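Chain and residue survey
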Amino acid sequence: MKKPITVSGLVQSGVIQNNLNSTLPQFKSQSDFSNQIAIFLPLAQIQPNPYQPRSIFPDAELNELAASITEIGLIQPIAVRKVSDMAYQIIAGERRFRAFKLLSKTEIPCVLFTATDEDMAVMAIAENVSRQDLSDYEIAKSIRTVESLFPSRTRLAQALGFQREDMYRYFAYEALPLFLLEKLEMNPRLLSRNAAADIKRVLNKMSAEQSEIALSALTEAIALLEAAQIDQTKIASFIATRVTQATQAETATLNIQKQHFFLQDKKIGHFLSSEKGLEVKISAGVLTDEKTTELKKILDDFFRV
Amino acid sequence: MRNFGVKLKLAKEFVGFVGSSSEFRTLFEKKGTQYHNIYSALDIRNARLKLLGVDLAALPQQDKLPPIINCRMAKGGTGKTTICGGIASALSMFGYRVLMIDGDPQASLTGLFGINWATENITHIGELMLKFSRKEDYSLTEAVRPLYEGKMLDLIAADISLVNTDSWLMGITNREFVFKKFLDANVDFFSQYDVILIDSAPSTNLLTNALMCACQKILAVVWLDGQSLKAMQILASNVNELNDAFHAMGFHLDVHIVANGYHPSYSPCKDALSTLISSYADKMNNTVIPHAVSFMKQVELFKEENSGTVLEREPNSIAARAIIDLAKSLVKEYGIKLSGIQVI
């Protein structure tokens, strides 16, 4: 059976072109009409932007906004997109929308725009990222919720206008231990993305044995941070130092198990037990060939059991 | 009623079944023992619901209008009816409940399904809307003709008297939305279907406008030649005009385009397709319908009752394959659901 014909296939094989200059009359998109007039939509038909990263809208601020709306009216209509018949989603203006609800109004002036899910996500984040009042942790969480809308992280970074490396710092929060994430939920400003990335890096470097020490060091550091006794930029080095100290202490205890052999007060070798294994070293020329063979035999018999 | 079903291979594809054929047969109660089976649209619907583990009785009654696909082009002969009838029978065979509305006084869609409008007693959409707007009694159930068993494919047929619609539409207020209001008023009836397909006339008139104003996205069928591309200008101005006029109500009509009649050795086809894709890249359906002889064999001139869509008559042809692929993509494009269940 012949292969089905597709537009993408024909373009790919070069049979048709998709970049001709002369084009046919265009269909105007919804946003081509948008800037003209605001329309009144029932509040009941409007939903918040599902990608909105801001989860807390302080009552005081809303009341203030509501008061100003009662006083002078709404200066700027909110921006919405149509999602289905009689259903709209807010692109920008959730605070104004909430204030209108607070005032028990039934309708709000809106301007219609067309926007894809990708657009919605990017607009919600981009609008908030540029503002000072959203924490890095909140931004990281919202990036995470929209990540699946993008084919790759590179595209995601492009859409948000981030440097790729900078975006990976936001992803560092995920690698943090659970107790810290719980603390961040309560206090999102606890750690900046740079501090989170540093902590992630230092935790990743730890071996399995070291990680326990690192975790307790982290717990200690966070307690200090909460008490404002340490700067968040210092946490990573704090952990590293603790781990190094602990490792050195351990090496010291192992050193005690190093036993030297003496021959007429002269060190001629040692027995060492460390985490790497057992080591017996004997200086050259101390043992005769017979003794060497005997030692070998003892060891050989030892393992033969 | 038409007695149509597909054989095992297509049935498995339509159900989306990947297991063995004998396992597949066990999905169908009566058909377990026979080797050669014919699977109807209703069989496929039931099998899909069974696989999804859905108890239909437990599902809430749908109360929203289903997606509407309006096949529209400002030029005749571009394949609106072929595409409309073709995807209707394909969607039905995928297990969706489909209602077709013949919105063209030429009644080609009616003819495609073997109904002779000259001899049959037909209640068309114009008559229903007229009675609705005059608040007279009308019966949708009587107007609808069942084509596939189990309400899988129904048709509101048309005849030549549908041309009269414009004359009374002229005299009523808010005439562009009379069809939309008619659907809304009968939402209980129309929500039984998973999708509504409309075959529109090529002319720009009040009826075609009213049919467009009830949907969110028309399906423009473009034949790949200069004449047809020229008509895009008319279609664009039709659509822009409606959007301009009713934007303030939150109305916006979008366009989805399918290219029809591609022939690899006709260079004008390639030129036309290049122009089309360069102009409307984000609106184009990826499937290109080929210029195929199977399409020409759909309608029998002297044995009307033998007419039928390419899927019914030559289910294994390249033409039927293109229609199946197109219908599949439209399920996504228009968000068609199985009794309200979105199947991914």
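These figures come from a predicted structure and were not determined experimentally. (Residues numbered from 1 in each chain as written. Chains lettered and ligands numbered in written order. Predicted model: local features only at pLDDT ≥ 70, side-chain atom pairs only at ≥ 80, totals over all residues. Heavy atoms only, no water.)

1. Let's talk about the overall build of chain A
When you go through chain A residue by residue, the secondary structure sums to 13 helices and eight strands. A globule of 305 residues ought to have a C-alpha radius of gyration of about 19 Å, yet chain A, at 33 Å, is considerably larger. If you line up chain A on its principal axes, its C-alpha atoms span 105 × 70 × 35 Å. For chain A, with 305 residues in total, the buried portion stands at 34%. Entry remark: accessible area of chain A is about 19100 Å², with carbon and sulfur atoms responsible for 53%. One finds the centroid of the 35 positive side-chain charges in chain A at a distance of 5 Å from the centroid of its 36 negative side-chain charges. (Helix = DSSP H or I, 4+ residues; strand = E, 2+ residues; numbered from the N terminus. Rg over C-alpha atoms; globule rule 2.2 N^0.38 Å. Buried < 20%, exposed > 50% of the residue type's maximum accessible area, 1.4 Å probe, protein only. Areas by Shrake-Rupley, 256 points an atom, 1.4 Å probe, with all protein chains shown as cover. Lys, Arg positive; Asp, Glu negative; His and termini not counted. Charge placed at Lys NZ, Arg CZ, Asp CG, Glu CD.)

2. Considering the sheet that holds strand E8 (residues 217–223) of chain B
All names here are of chain B. As summarised here, the arrangement of the eight strands in space is E5-E6-E4-E7-E3-E8-E9-E10, forming an open sheet in which the pairing is mixed. On the outer flanks of this sheet lie strand E5 (144–148) and strand E10 (284–290), each paired with one strand and no other. Going across the sheet, the axis of each strand differs from the next one's by a mean of 25 degrees, ignoring polarity. Here strand E3 (residues 68–72) runs beside E8; their pairing, made up of three bridges, is parallel. Opposite Cys71, over in E8, you have Leu219 as the bridge partner. (Pairing = 2+ DSSP bridges. Axes fitted to C-alpha atoms, helices over the stretch in contact; angles between N-to-C directions.)

3. Some thoughts on the nonpolar core
One finds Ile125(B), Phe179(B), Met232(B), Leu235(B), Ile257(B), Leu273(B) and Leu276(B) to be the most contacted residues of the largest nonpolar core, which totals 67 residues. A per-element tally of this core places helix H12 (residues 226–246) of chain B first, with eight residues. Setting aside its immediate chain neighbours within four residues, Met232(B) contacts Leu24(A), Phe27(A), Met73(B), Val222(B), Ile257(B) and Tyr280(B). If you look at the next biggest cluster of nonpolar residues, it comprises 62 residues, including Phe4(B), Val6(B), Val258(B) and Leu338(B). (Core = buried A, V, L, I, M, F, W, Y, C linked by side-chain atoms within 4.5 Å. Contact = heavy atoms within 4.5 Å.)

4. Some words on the pattern of salt bridges
As enumerated under the stated definition, the model contains 26 salt bridges over all chains in all. Across the pair Glu61(A) and Arg95(A) runs a salt bridge whose closest N-O atoms are separated by 2.9 Å. On the criterion of sequence distance, the pair formed by Glu61(A) in helix H3 (residues 59–72) and Arg95(A) in helix H4 (residues 94–102) is long-range, its members being 34 residues apart. The salt bridge involving Glu13(B) is made with Arg321(B); its shortest N-O contact spans 2.7 Å. With Glu13(B) in helix H1 (residues 8–15) and Arg321(B) in helix H16 (residues 318–333), the pair connects residues that are 308 residues apart, well separated along the chain. Of the residues examined, Glu13(B) reaches a relative accessible area of 27% and is grouped as partly exposed. Each of Asp136(A), Asp166(A), Arg169(A) and Arg193(A) takes part in one network of salt bridges that share partners. (Salt bridge = Lys/Arg side-chain N within 4 Å of Asp/Glu carboxyl O.)

5. Topic: the domain arrangement of chain A
Think of interface size as the accessible area that goes away when the parts come together; that is how it is often given. Once the domains are mapped, chain A shows domain 1 (30–119), domain 2 (135–251) and domain 3 (259–296). Computed over C-alpha atoms only, the centres of domain 2 of chain A and domain 3 of chain A are separated by 48 Å. (Domains from an automatic or database assignment.)

6. Quick look at the side chain of Glu176(B)
All names here are of chain B. Checked against the element boundaries, Glu176 lands in the loop between helix H8 (165–169) and helix H9 (178–185). One buried charged residue, Glu176, remains without a salt bridge, the closest side chain of opposite sign being Arg175 at 4.1 Å. If we ignore the near neighbours within four places in the chain, the residues touching Glu176 are Asn209, Ala210, Cys213, Leu242 and Phe246.

7. Here's the deal with the domain arrangement of chain B
Residue and element names in this part refer to chain B. In terms of domains, chain B is made up of domain 1 (5–56) and domain 2 (59–333). With 15 residues of domain 1 at the interface, the matching set in domain 2 holds 17 residues. Taking both partners together, domain 1 and domain 2 bury about 1300 Å²; carbon and sulfur atoms supply 59% of that area. Of all residues in domain 1, the largest losses of buried area upon contact with domain 2 belong to Phe14, Ala41 and Arg45, amounting jointly to 40% of the total for that side. Our count for the domain 1 to domain 2 interface comes out at three salt bridges. Put simply, Arg45 and Asp194 hold a salt bridge, and the shortest N to O gap is 3.0 Å. Between the two partners, domain 1 and domain 2, sit five residue pairs in polar contact (both at pLDDT 80 or more). Ranked by the residues each element gives to the side of domain 1 that touches domain 2, the list is headed by helix H3 (residues 41–52), at five residues. In terms of residue class, the side of domain 1 that touches domain 2 is made up of nine nonpolar, two polar and four charged. (Buried area = accessible area lost by both parts, 1.4 Å probe. Polar contact = N/O pair within 3.5 Å; in protein donor to acceptor, adjacent residues only side chain to side chain. Nonpolar A, V, L, I, M, F, W, Y, C, P; charged D, E, K, R; others polar.)

8. Some details on H1(B)
Residue and element names in this part refer to chain B. Listed in full, the buried residues belonging to H1 are Leu10, Ala11, Lys12, Phe14 and Val15. Turning to H1, the residues buried within the fold contact strand E1 (5–6), helix H2 (21–25), strand E2 (39–40), H3, helix H4 (80–93) and H16. Phi turns positive, to about 80 degrees, at Gly16, one or two residues after H1.

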